[in-house]
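Descriptive structure summary
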Amino acid sequence: MRQFAKGRPDLKDKEEILKFAAEIRSKMEAGALTGELRLPGNRPYREYGGVPMKPQSGRSCIKCGLCAKECPVGAIPYDRPNKTDTDTCISCMRCISVCPQKARSVSKILLGAGSMKLKKACSERKKNELFA
Ligand code: SF4
Ligand code: SF4
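In this text, all values refer to a predicted model and were calculated from it rather than measured experimentally. (Residues numbered from 1 in each chain as written. Chains lettered and ligands numbered in written order. Predicted model: local features only at pLDDT ≥ 70, side-chain atom pairs only at ≥ 80, totals over all residues. Heavy atoms only, no water.)

Near ligand 1 there are 13 residues, and of these Cys61, Cys64, Gly65, Cys67 and Cys99 occur at the shortest range. Placement of ligand 1 is best described as lying within the largest cavity. For the shell around ligand 1, the per-class residue count stands at eight nonpolar, three polar and two charged. (Near = heavy atom within 4 Å. 1 Å grid on protein atoms, 1.4 Å probe; cavity = no way out; pocket = protein on both sides within 12 Å on 5 of 7 lines; lining within 4 Å. Sits in = over half its atoms within 2 Å of the grid points. Nonpolar A, V, L, I, M, F, W, Y, C, P; charged D, E, K, R; others polar.)

Structural data, given as structure tokens:
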């Protein structure tokens, strides 16, 4: 869903990150990072129900094993990289981005449904915020 947050992080983000780092540093030096962190949001948090998008590999897979190596949770077996352990997969899409054959993908139907959902929440530029 590369249509969302296209081009981010950009120069403005990078400038803000540097500002945040300076702010955190000065708070650390002043010993002001010890209190309870108050984060905005609706409470109680909802139970995470998982994301149904689990990539699978297609026929163009050459079993190079790169996706298995790069998967952060070990959801792709090294000896059978064309299989995905859907219970372990966290839908990070790293395997799709690293596959040299573009052999991995998620269901187009689910992708379409996910895009519709994100469109409402992510069409406008999101502001960076620091909570410290
Ligand atoms: S990175 Fe792509 S080509 Fe390599 S094993 Fe994984 S799916 Fe197959
Ligand atoms: S989407 Fe992420 S967690 Fe799932 S198989 Fe690919 S790399 Fe692993």
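So, next bit.
In this structure, the largest pocket spans a volume of roughly 790 Å³. The wall of the largest pocket is formed by 21 residues, among which Met1, Met53, Ser91, Met93 and Leu111 lie closest to the centre. Those elements that place two or more of their residues in the lining of the largest pocket are helix H3 (94-98) and helix H4 (108-122). Counting residues per element, the lining of the largest pocket draws most heavily on H4, which supplies six residues. Looking at the lining of the largest pocket residue by residue, the class counts come to 13 nonpolar, four polar and four charged. (Points joined across faces, edges and corners; volume = space filled by probe spheres on them. Helix = DSSP H or I, 4+ residues; strand = E, 2+ residues; numbered from the N terminus.)

Turning our eyes to something else, we now look at the pattern of salt bridges. Counted according to the given criterion, the structure contains seven salt bridges. With a shortest N-O distance of 2.6 Å, Asp13 and Arg8 are connected by a salt bridge. Take Asp13: its relative accessible area is 3%, and that puts it in the buried class. Its salt-bridge partner being Arg125, residue Asp13 comes within 3.5 Å of it at the nearest N-O pair. (Salt bridge = Lys/Arg side-chain N within 4 Å of Asp/Glu carboxyl O. Buried < 20%, exposed > 50% of the residue type's maximum accessible area, 1.4 Å probe, protein only.)

Further remarks concern the site of ligand 2. Contacts to ligand 2 come from 13 residues, most closely from Cys71, Cys89, Cys92, Met93 and Cys95. Looking at side-chain class alone, the shell around ligand 2 contains ten nonpolar, two polar and one charged residues.

With that settled, the discussion passes to the nonpolar core. Core analysis: the largest hydrophobic core is formed by seven residues, namely Cys67, Ala68, Cys71, Ala75, Ile76, Cys89 and Cys95. In this structure, Cys89 is in contact with Lys54, Pro55, Val73, Ala75 and Thr84, ignoring residues within four places of it in sequence. (Core = buried A, V, L, I, M, F, W, Y, C linked by side-chain atoms within 4.5 Å. Contact = heavy atoms within 4.5 Å.)

So, on to helix H1 (residues 11-29). Taking 1.5 Å of rise per residue, the 19 residues of H1 would be expected to cover 27 Å, and the 27 Å separating its terminal C-alpha atoms lies within 8% of that figure. Here H1 has its buried residues at Asp13, Glu16 and Phe20. Each buried residue of H1 sits inside an arc of 60° when the element is viewed along its axis, so together they form one side. Along H1, exposed side chains directed more than 90 degrees from the buried face belong to Leu11, Leu18, Lys19, Arg25 and Glu29. Its side-chain oxygen 3.2 Å from the backbone nitrogen of Lys12, Asp10 forms the N-cap of H1. Note on H1: the residue one or two positions beyond its end, Gly31, has a positive phi of about 70°. (Expected span 1.5 Å × (residues − 1). Arc of directions from axis to C-beta. Polar contact = N/O pair within 3.5 Å; in protein donor to acceptor, adjacent residues only side chain to side chain.)

What follows is about H4. When the terminal C-alpha atoms of H4 are compared, their 20 Å separation across 15 residues agrees well with the 21 Å that a helix rising 1.5 Å per residue should span. If you check the start of H4, you find a side-chain oxygen 3.2 Å away from the backbone N of Ile109, and it comes from Ser107.

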